[in-house]
Amino acid sequence: MIAVFESAANKQKIYGGENMSLIVQKFGGSSVANAERVFNVARIVTDTYKKGNKVVVVVSAQGDTTDDLIDKANEINPNASKREKDMLLAAGEQISISLLAMAIEKLGYPVVSLLGWQAGFQTSSAYTSARIKRVKTDRIEKELDKNNIVVVAGFQGVNRYEDVTTLGRGGSDTSAVAIAAAMHADLCQIYTDVEGVYTADPRKVSNAAKLKTISYDEMLELATLGAQVLNNRSVEMAKKYNIELEVLSSLTNAPGTIVKEATKMEKMLISGVAKDTNVARISVVGVPDVPGLAFKMFSKLSSKGINVDIILQSIGRDGTKDISFTVAKENVKEAAAAMEEYVDAVGGKSVLVDENVAKISIVGAGMESHAGVATKMFEALYDAQINIRMISTSEIKVSVLIDEKNADAAVSAIHSKFFDEN
Ligand code: ADP
Ligand code: ASP
Ligand code: MG
């Protein structure tokens, strides 16, 4: 869980002017990918500053820098410790904050860049997937008092051992929301390479529509189920601290999408379709059909910190049954090994692993009160002759597991069923 943030007690005193607001602006990797883009961001930031606002900017590493750093690490040592991986990965954001600050200097505005630890990001000690515990905003406040634009490295912090940590892929969104929460910012803008949150990935589904607003709960599901546009932890934090987010493009002036608490009027039947290919299915075949089996099996996984997602159990036959479940791809080896051991111990038959699967989901607050939403999704898949391997549902989502090769076709088929046929 996200720990309580210190409230900026003196915020009223510092930012309480009639027209002065505190604005947090976050720019993703593609928004700062090259010199021209860096200057483009510098202009957006300084335009906001010129209007009399206090501005804190959070940036990610340029373009594919983080991926390139991961490749470099693997070249040297694929089994490197997570501590050293974080030391390397944090370097990406150090490059982008300094370059952006240089561009802002060149435009003639006062600016200072800060690494995560300088900006007060204190995290848990879990290297490569650290959680923000607290943002001690004193330094940021001091710099804002000096009328500086403050440029902060996203995705990173420091743990109690005074080591650099990173927050997991896509973590800069969370850095921005954390600052907005800790400082009670008036606005938190997430600038990216698309114009907002769409009904499906606009790069994959050409007629995906931009949403004007989306509720925290729906956005949280979409983000968790694979819509990369916002990191799910950032949405969780925005909901917890009631921070309204605006997702918009750094490259056009179009209005973006507002992520906020739901109002009844706005409930759409479906707000989006998401795809997640970072999943694998494990089937445990022919285990004894006795009480306590699922408990013992899944405790083997939870004790290793492995999250299980969709679960399917077959009807028992001849005293045995099969249990299938999905895990994230990075956990598949460890999970399968634990299941092999378990199957040996209980006299089961075998463990099957399939990494060529994808999870396709629909999300919408409206499905709580409308029957037949899942049926419509299944019909779309039937029309496209795509076989469903597993299904799971909750109040506001339906997910299916299918063959990975059909993933994009499935998203398109489901998207047109819900959005083209009305
Ligand atoms: P950034 O580098 O700005 O953090 P990301 O690459 O993390 O940007 O996220 C933006 C990308 O998310 C878009 O380019 C788009 O392809 C993808 N995306 C996936 N699903 C959606 C969706 N429903 N709405 C908007 N973008 C989406
Ligand atoms: N640079 C980091 C990543 O690529 C963090 C981010 O982009 O939000 O995952
Ligand atoms: Mg991102």
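Before reading further, recall that the structure is shown in the block above.
Residues numbered from 1 in each chain as written. Chains lettered and ligands numbered in written order. Predicted model: local features only at pLDDT ≥ 70, side-chain atom pairs only at ≥ 80, totals over all residues. Heavy atoms only, no water.

Trainee: Tell me about a nonpolar patch on the surface, and please be specific about residues and values.
Mentor: Residues I95, L99 and M102 make up a contiguous nonpolar surface patch of about 260 Å² in total accessible area. If you trace the backbone, M102 turns up in helix α4 (residues 82-106). Given the relative accessible area of 48%, M102 is considered partly exposed. (Patch = residues over 30% accessible without salt bridge, like charges linked within 9 Å, V, L, I, M, F, W, Y side chains within 5 Å. Areas by Shrake-Rupley, 256 points an atom, 1.4 Å probe, with all protein chains shown as cover. Salt bridge = Lys/Arg side-chain N within 4 Å of Asp/Glu carboxyl O. Helix = DSSP H or I, 4+ residues; strand = E, 2+ residues; numbered from the N terminus. Buried < 20%, exposed > 50% of the residue type's maximum accessible area, 1.4 Å probe, protein only.)

Trainee: Describe the packing of aromatic side chains, listing the residues and the values that go with them.
Mentor: Taken as a whole and assessed by the stated rule, the structure comprises three aromatic pairs. Ring centres of F27 and Y191 lie 4.6 Å apart, and the angle between their planes is 10°; on these two criteria the pair is classed as stacked. Placement of F27 in strand β1 (residues 22-27) and of Y191 in strand β9 (residues 187-192) is noted, with a sequence separation of 164 residues between them. Residue classification places Y191 among the buried residues on the basis of a relative accessible area of 7%. Ring centres of F298 and F325 lie 5.4 Å apart, and the angle between their planes is 75°; this geometry places the pair in the edge-to-face category. Here F325 lies in strand β16 (residues 320-328) and F298 lies in helix α9 (residues 293-302), a separation of 27 residues in the sequence. Note on accessibility: F298 and F325 belong to one class, buried. (Phe/Tyr/Trp six-rings, centres within 6.5 Å; stacked < 30°, edge-to-face > 60°.)

Trainee: Could you give me a rundown of the sheet that holds β9, with the residues and numbers involved?
Mentor: Sheet architecture is open: eight strands sit in the order β3-β6-β2-β1-β9-β11-β12-β10, paired in mixed fashion. At either end of the open sheet lies a strand with only one pairing partner, and these are β3 (111-114) and β10 (213-215). Each strand of the sheet is rotated relative to its neighbour by a mean of 20°, with strand direction disregarded. In this sheet, strand β12 (residues 257-260) lies alongside β10 in parallel orientation, the contact comprising three bridges. Within β12, the residue paired with I214 across the bridge is V259. (Pairing = 2+ DSSP bridges. Axes fitted to C-alpha atoms, helices over the stretch in contact; angles between N-to-C directions.)

Trainee: Would you mind going over a negative patch on the surface in detail, with residue names and values included?
Mentor: Among the surface-exposed residues, D64, D68, D71 and E75 lie close enough to one another that they form a single negatively charged patch. With respect to the secondary-structure elements, D68 resides in helix α3 (residues 65-76). (Lys, Arg positive; Asp, Glu negative; His and termini not counted. Charge placed at Lys NZ, Arg CZ, Asp CG, Glu CD.)

Trainee: Explain the site of ligand 2 to me, and be specific about the residues and the numbers.
Mentor: Within the structure, ligand 2 sits among S60, A61, T66, E93, F155, R169, G170, G171 and S172. With respect to ligand 2, the side chain of S60 contributes an N or O atom lying 3.5 Å from an oxygen atom. T66 has a polar side-chain atom sitting 2.8 Å from a nitrogen atom of ligand 2. Its residues assigned to classes, the shell around ligand 2 shows two nonpolar, five polar and two charged. (Near = heavy atom within 4 Å. Polar contact = N/O pair within 3.5 Å; in protein donor to acceptor, adjacent residues only side chain to side chain. Nonpolar A, V, L, I, M, F, W, Y, C, P; charged D, E, K, R; others polar.)

Trainee: Pulling in residues and values, what's your account of the site of ligand 1?
Mentor: As a matter of local geometry, ligand 1 sits amid 17 residues, with T192, D193, Y198, D201 and R203 nearest to it. A distance of 3.0 Å is found between a nitrogen atom of ligand 1 and a backbone nitrogen or oxygen belonging to Y198. Contact distances for ligand 1 include 2.8 Å between an oxygen atom and a side-chain N or O atom of D201. Protein chains bury 87% of the 570 Å² of accessible surface belonging to ligand 1 in isolation. Residues that form the shell around ligand 1 fall into these classes: eight nonpolar, five polar and four charged.

Trainee: Report on helix α11 (residues 373-383), specifying residues and quantitative values.
Mentor: Burial in α11 covers these residues: V373, M377, A380 and L381. The buried residues of α11 occupy an angular sector of 95° when the element is viewed end-on, so they sit on one face. With respect to the buried face of α11, the exposed residues turned more than 90 degrees away are T375 and Y382. Following α11 by one or two positions, Q385 has its phi on the positive side, about 55°. (Arc of directions from axis to C-beta.)

Trainee: Got a sec to walk through the environment of G256? Specific residues and values, please.
Mentor: Inspection of the secondary structure assignment puts G256 in the loop between β11 (245-249) and β12. In this structure, the C-alpha to C-alpha distance between G256 and G171, residues 85 residues apart in sequence, is 21 Å. Leaving out residues up to four positions away in the same chain, G256 has contacts with E195, L211, K212, V247 and L248. (Contact = heavy atoms within 4.5 Å.)

Trainee: Quick rundown of unusual backbone geometry? Include the residues and the values.
Mentor: Non-glycine residue F155 carries a positive phi angle of around 75°. As for its placement among the helices and strands, F155 is situated in the loop between β6 (149-153) and β7 (156-158). Phi at D318 is positive, roughly 50°, even though this residue is not glycine. Its place among the elements puts D318 in the loop between β15 (311-313) and β16. Residue classification places D318 among the exposed residues on the basis of a relative accessible area of 79%.

Trainee: Describe the packing of α3 against α4, with residues and values.
Mentor: Where α3 contacts α4, the axes come no closer than 9 Å and their chain directions differ by 150°. With respect to their mutual orientation, α3 and α4 come out roughly antiparallel. In the packing of α3 onto α4, the handedness of the crossing is right-handed. Contact residues: α3 offers T65, T66, L69, I70 and A73, while α4 offers L88, L89 and G92. Here the residues of the contact of α3 with α4 are counted per class, giving five nonpolar, three polar and no charged. (Parallel < 35°, antiparallel > 145°, perpendicular 65-115°, else oblique. Left-handed = near helix turned anticlockwise from the far one by under 90°.)

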